[in-house]
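Residue-level structural notes
The chain contents come next:
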Amino acid sequence: MAKRKRITEENTNPLADNVHIQGAGTVKDEHIVDTLTSNFMPYAMSVILSRAIPEIDGFKPSHRKLLYTMYNMGLLQGGTVKSANIVGRTMQLNPHGDASIYETMIRLSRGNESLLYPYVESKGNFGKAYSKNMMYAASRYTEAKLAPIAKELFEDINKNTVDFVDNYDNTMKEPRLLPVTFPSILANVTTGIAAGMASSIASFNLRELCDTTVALIKNPEHEISETLVAPDFVGGGYIIYNREELEKIYSTGRGSVKVRSKYKYDKSYNCIDIYEIPPTTTSEAIIDKIVELVKTNKVKELNDIRDETDLKGLRITLDLKRGTDPDKLMTRLYKMTPLEDTFSCNFNVLIKGTPKVLGVGEILKEWIDFRLECVRRRTQFTLDKKSERLHLLKGLEKILLDIDKAIKIIRQTEAESDVVPNLMIGFGIDKVQAEYVAEIKLRHLNREYILKRTKDIEDLIKEIAELESILSSKNKLKKIIIKELEAVADKYAGERKSTVLYDFEEYDATEAVEIPDYPVTLFITKDGYLNKIRTANLRMSGEQKVKEGDIVINSFECSNKDELLAFTDKAQVYKAKVDDFPDGKASQLGHFVASKLEMEPDEKTIFICVLREYKGYMIFAFENGKVAKVDITSYQTKANRKKLLKAYSLKSPLAAIEYIEEDTELVLCSTNGRMLILNTGALMPKTTKDTIGVSVMTQKKNHKLESMHFYEEGEFEKAWRFRSKNLPAAGALPGPADNAAQLTF
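Basis of the calculations
- Residues numbered from 1 in each chain as written.
- Predicted model: local features only at pLDDT ≥ 70, side-chain atom pairs only at ≥ 80, totals over all residues.
- Heavy atoms only, no water.
- Helix = DSSP H or I, 4+ residues; strand = E, 2+ residues; numbered from the N terminus.
- Rg over C-alpha atoms; globule rule 2.2 N^0.38 Å.
- Buried < 20%, exposed > 50% of the residue type's maximum accessible area, 1.4 Å probe, protein only.
- Contact = heavy atoms within 4.5 Å.
- Areas by Shrake-Rupley, 256 points an atom, 1.4 Å probe, with all protein chains shown as cover.
- Pairing = 2+ DSSP bridges.
- Axes fitted to C-alpha atoms, helices over the stretch in contact; angles between N-to-C directions.
- Core = buried A, V, L, I, M, F, W, Y, C linked by side-chain atoms within 4.5 Å.
- Salt bridge = Lys/Arg side-chain N within 4 Å of Asp/Glu carboxyl O.
- 1 Å grid on protein atoms, 1.4 Å probe; cavity = no way out; pocket = protein on both sides within 12 Å on 5 of 7 lines; lining within 4 Å.
- Points joined across faces, edges and corners; volume = space filled by probe spheres on them.
- Nonpolar A, V, L, I, M, F, W, Y, C, P; charged D, E, K, R; others polar.
- Polar contact = N/O pair within 3.5 Å; in protein donor to acceptor, adjacent residues only side chain to side chain.
- Expected span 1.5 Å × (residues − 1).
- Arc of directions from axis to C-beta.

**A look at the overall build of the protein**
In terms of regular secondary structure, the protein is built from 19 helices and 34 strands. Its C-alpha atoms give the protein a radius of gyration of 43 Å, more than 25% over the compact-globule value 27 Å for 745 residues. C-alpha atoms of the protein, sized along the principal axes, occupy 155 × 80 × 50 Å. A total of 745 residues make up the protein; the buried ones form 46% of that total. Look at the contacts in the protein between residues 6 or more apart in sequence, and 68% of them connect residues 24 or more apart. Element-wise, carbon and sulfur atoms account for 50% of the exposed surface of the protein, whose accessible area totals about 39700 Å².

**Looking at the sheet that holds strand E3 (residues 81-82)**
Read from one edge to the other, the open sheet built from three strands follows the order E3-E5-E4, with strand pairing classed as antiparallel. Single-partner strands in this sheet number two, and they are E3 and strand E4 (120-123). Alignment of E4 against strand E5 (residues 143-146), held across four bridges, turns out to be antiparallel. Counted as the bridge partner of glutamate 121 is lysine 145 from E5. Packed onto the sheet, helix H2 (residues 61-72) meets E4 and E5 and runs at close to 85 degrees relative to E5.

**Comments concerning the nonpolar core**
Within soluble globular proteins, side chains that are nonpolar tend to cluster in buried spots. Counting residues in hydrophobic clusters, the biggest one holds 83 residues, and the most contacted among them are Leu153, Phe182, Leu186 and Phe347. The next biggest cluster of nonpolar side chains, apart from the first, holds 21 residues, and it includes Ile272, Ile316, Leu318 and Leu339.

**Some points on the pattern of salt bridges**
Under the counting rule described, the total for this entry stands at 38 salt bridges. Here arginine 534 ties to aspartate 583 by a salt bridge, and the two come within 3.0 Å at their closest N and O atoms. One end of the pair, arginine 534, is in strand E21 (residues 529-534); the other, aspartate 583, is in the loop between strand E24 (573-577) and strand E25 (591-592), with 49 residues separating them in the sequence. On the basis of relative accessible area, arginine 534 is assigned to the partly exposed category, the value being 34%. Through salt bridges that share partners, Asp156, Lys159, Arg371, Arg378 and Glu484 make up one connected network.

**Points about the layout of surface pockets**
The gaps left among the atoms become clear once a water-sized probe is rolled over them. Its volume calculated, the second largest pocket comes out at about 990 Å³. Around the second largest pocket sit 41 residues that line it, and Asn112, Glu113, Ser114, Ala129 and Val234 are the ones nearest its centre. Of all the secondary-structure elements, those providing two or more residues to the lining of the second largest pocket are helix H4 (98-108) and strand E13 (271-276). With three residues, H4 is the single largest residue contributor to the lining of the second largest pocket. Split into classes, the residues belonging to the lining of the second largest pocket amount to 22 nonpolar, ten polar and nine charged.

**Focus on the side chain of lysine 145**
With respect to the secondary-structure elements, lysine 145 resides in strand E5. Here glycine 78 takes part through its backbone oxygen, which lies 2.7 Å from a polar atom of the side chain of lysine 145. Once residues within four sequence positions are removed from consideration, lysine 145 is found in contact with Met70, Leu75, Leu76, Gln77, Gly78, Gly79, Thr80, Tyr119, Val120 and Glu121.

**What about helix H16 (residues 474-492)?**
Given a rise of 1.5 Å per residue, 19 residues ought to cover 27 Å, and the 27 Å separating the end C-alpha atoms of H16 matches this to within 8%. Buried within H16 are the following residues: Leu477, Ile481, Ile482, Glu484, Leu485, Val488, Ala489 and Tyr492. The buried residues of H16 occupy one face: seen down the axis, they fall within an arc of 165 degrees. Structural note: H16 exposes Asn475, Lys479, Lys483, Asp490 and Lys491 on the side pointing more than 90 degrees away from its buried face. Buried residues in H16 make contact with helix H5 (206-218), helix H10 (360-400) and helix H15 (457-471).

Structural data, given as structure tokens:
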């Protein structure tokens, strides 16, 4: 059943009670489809046709209105004028507000560096496209004028090359399209989001673009990739060459282009300077991502990162640690940060009011047809003007036969309104010619003037014949377009800004990052802090610093390449490399393990073990007297997982954890004072991490197993008393001698 919308129409104005409104107060049912058709569809069409999608001349309406206003203000020549003045004048064509108009001007300007071929010359702070923090100044402070290349947008616009339409309030005329002399639709990046569709058009080098268009005019079957190498972006960078993907873009208008940043290594300062970045990112986004990688210890080769962008241009500086290979580091950063980004292409263009996704070849053919029509209309306009001129001169030529007669006719005509008819009768000319003759000043009614005016008749006849031949020949129209394209390329095209990279190194994520191997000493505190100090530096260090009330509960030597397993009170284990923790000093507290490993807010670390290889067992002692022996390989994973669930059983509270490399003897202690020496070889290892274990030490009522430690020879006077042939066992109470031995231990 179709959804229906209930609509109530009523007069809510209390001052208009006596005014009759048709349908007021009635309730009607309406299909939701009808509501969408009558309300949403017109809005969607307006966004598509009048705002977001560019047309074949390369502009959206907001761009076209602004540039045409600047053209009418005479800003192709002379100096700059205040941007606020331009914005105010543009509102005569674009009523959407000064802020949106000024933002449009910002993007079209040279100073903002958004376009490969900017149409607006700027003076003042127009911001930078590559930085979200470098905002533009207010319009009252900046100035602008049209760039020289903008002349190609308006060439012969007053010669009927394009249609003109009324503005929003029918007080002015504006061009429907601009008669661009080059394919501006592909010369600059254009993006837009409409209702249900979007457009994203890459920019291309003007020389390559014009050469490709000329080649297509000469041969419609021309292979685009032979002359159009790859997109070219204002921010430069490296274009990662992918022939298949480029062919896809050229043929379908959809695809993606990978763009890499450019950098140089300064050996004297041991730093990398990044000076060109992809067009889809900003310097702040790159810096934020690199800082994040450093904080998570995924990138350890950096000492500092700075944004050194100034008036000379973009520069991001990375200070390297000693021994770092800059090229290998940048290869990794390309994969992990926006230093390498993708420009997604969606060449959606309005063609005669219909949005179409076209390939490069199809767009250029549509532009050629559009330009052919412009040149044809311009030629026809010139032909009409010259034909009118010729017609007038032929009438003037007849006057040359008898100037005195013309004067006599005018003098002897009594009524002014009869002058033109009498001239028509006297010389056999039509009304237009007679009007022209009648308007000639008295001082010009001499043979010299008339001869000068009429000697151009032969030239006009030749010119008209040439214009007529052009109109009748499509090849001649094409030759005119080719000549114009070559002139534009020679005048405005420069070298490519984006370098095409054919051979490049791709980061292989499967390659393990080389971790430096050197001995370190780890200090672990009761409150969960870990400090890593190079063992070689330990002799020069003082006592390990801890927080007030905290103590060091464990310290051991290991390698920087070893792994850590951090067990928590929520039966979870977090995995990390010792190398993930930066080298510290004894005067530092170290790093809070829970924060470093991104544990849950209320989660606490209860045990940390260090592994060089996954060999040995984890021993879990529970308060109910059970002990679980879990093979350490149960915590080994092929994937790079940082967190494992169900690290041990939660069916009984945990009393103690120990890691053993091989079977050994452990001492279990109960709250009733009894102790039991357990040989772990008596326990069968399990591969299930959350096993409940086996009963080892029996507990009396209201008592529980409370601790576990490694047995040291000589700890008990009669150790055999604390060993049991059968498990579970209650253990034994230590004697006075055993207590003394433990005190001296």
